[in-house]
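# Overview (structure and organization)
If you want the building blocks of each chain, they are given just below.
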Amino acid sequence: MIQPLSRAAALALLVALAACESAAPPDPVVATADAARCDIPTGLTPARPYDAPADEIVRDVDTAYHLLALSWSPQACHSGKDYPDPELQCRDNRFGLTLHGLWPNGPADRHPRYCGPAPALQPATVRANFCMTPSPTLQQHEWAAHGTCGWASAEAYFARASSLWNALVKPDLEAIPADRLTAGAIRDAFVAANPGLPRAGIAVVLADDIWLREVRLCYAADFARIPCPRGTGAPDRQRLRLAPRGTATAR
């Protein structure tokens, strides 16, 4: 027969449980759908805020829809574009797909940008989103250029971006045979992994007309999945290549 706990023992147990719940969890090691690993660097710090380029400020355009831009990380590392902290993204980790950003778009050629002040991100915000966007400098840029055009705080902006990112099943693009790798095959892989994702809502963006640079997904102003209002980039028949993981070098 199990004896009931004494009042003193029960109190001690409750105190121990409360201590466990209040303890800060260790930084995670995250495995994504394509088996990439993310080790959050020790001493990761936010980037400094900066003044918006005057010729890039657009504050008189309403948001018509959003783009969620996913970069193929090895290509970013190889080209030196899109991610300004290569020692963090390209040296210590081997990412596959990462999030470039969540972008409010206008109805035509002009899009909202740099809509208000963008103070430096909090260290906890940078760490929480590092495995999604592995560059403190890029995080600061995305908050300044895009987040200020729809969210009252950086935390709210990244919360929305991460909710879309986490809801998306990232397909294993490296499993597509090289001789069948086309823009259409990329779209097929995303649709197969994400039932309900409209095929016309997937824009494939190339570098030098051959290398996969980004996959951009279109969402309405209320974040429902929609066909891309301004086209889907490379046509289905376009053959392409993936920069291999682990062979690209940061510049």
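In this text the structure is predicted, and so the values were computed from the model without any measurement.

## Points about the pattern of salt bridges
- A complete count under the given rule lists eight salt bridges for this structure.
- For R113, the salt bridge goes to E56, with nearest N and O atoms at 2.8 Å. Taken together, the residues R113 in the loop between β4 (97-105) and α4 (123-129) and E56 in the loop between β2 (37-39) and β3 (65-72) connect sequence positions 57 residues apart.
- Classification of R113 by relative accessible area gives partly exposed; the value is 22%.
- Between D60 and R110 there is a salt bridge; the shortest N-O distance is 3.1 Å. Here D60, found in the loop between β2 and β3, pairs with R110, found in the loop between β4 and α4; they are 50 residues apart in sequence, far enough to count as distant.
- Of the residues examined, D60 reaches a relative accessible area of 59% and is grouped as exposed.
- With a relative accessible area of 43%, R110 lands in the partly exposed category.

## Some details on the packing of aromatic side chains
- Summed over all chains, the structure comprises five aromatic pairs.
- On the numbers, 6.3 Å between centres and 85° between planes, the contact of Y50 with Y114 is edge-to-face. Placement of the pair is Y50 in the loop between β2 and β3 and Y114 in the loop between β4 and α4, with a sequence separation of 64 residues.
- Taking 6.5 Å as the distance between ring centres and 70° as the angle between the ring planes, the aromatic pair formed by F95 and F130 counts as edge-to-face. With a gap of 35 residues between them, F95 in the loop between α3 (86-91) and β4 and F130 in the loop between α4 and α5 (136-145) connect regions that are remote in the sequence.

## Comments concerning the pairing of strand β5 (residues 202-207)
- Taken across its six residues, β5 has six buried, putting it largely inside the fold.
- Two elements, β5 and strand β6 (residues 211-220), share six bridges in a ladder whose sense is antiparallel. Note that in β6 the partner of L206 across the bridge is L212.
- Following β5, the chain reverses through three residues before pairing antiparallel with β6; D208 in that reversal takes a positive phi of roughly 55°.

About the thresholds
Residues numbered from 1 in each chain as written. Predicted model: local features only at pLDDT ≥ 70, side-chain atom pairs only at ≥ 80, totals over all residues. Heavy atoms only, no water. Salt bridge = Lys/Arg side-chain N within 4 Å of Asp/Glu carboxyl O. Helix = DSSP H or I, 4+ residues; strand = E, 2+ residues; numbered from the N terminus. Buried < 20%, exposed > 50% of the residue type's maximum accessible area, 1.4 Å probe, protein only. Phe/Tyr/Trp six-rings, centres within 6.5 Å; stacked < 30°, edge-to-face > 60°. Pairing = 2+ DSSP bridges.

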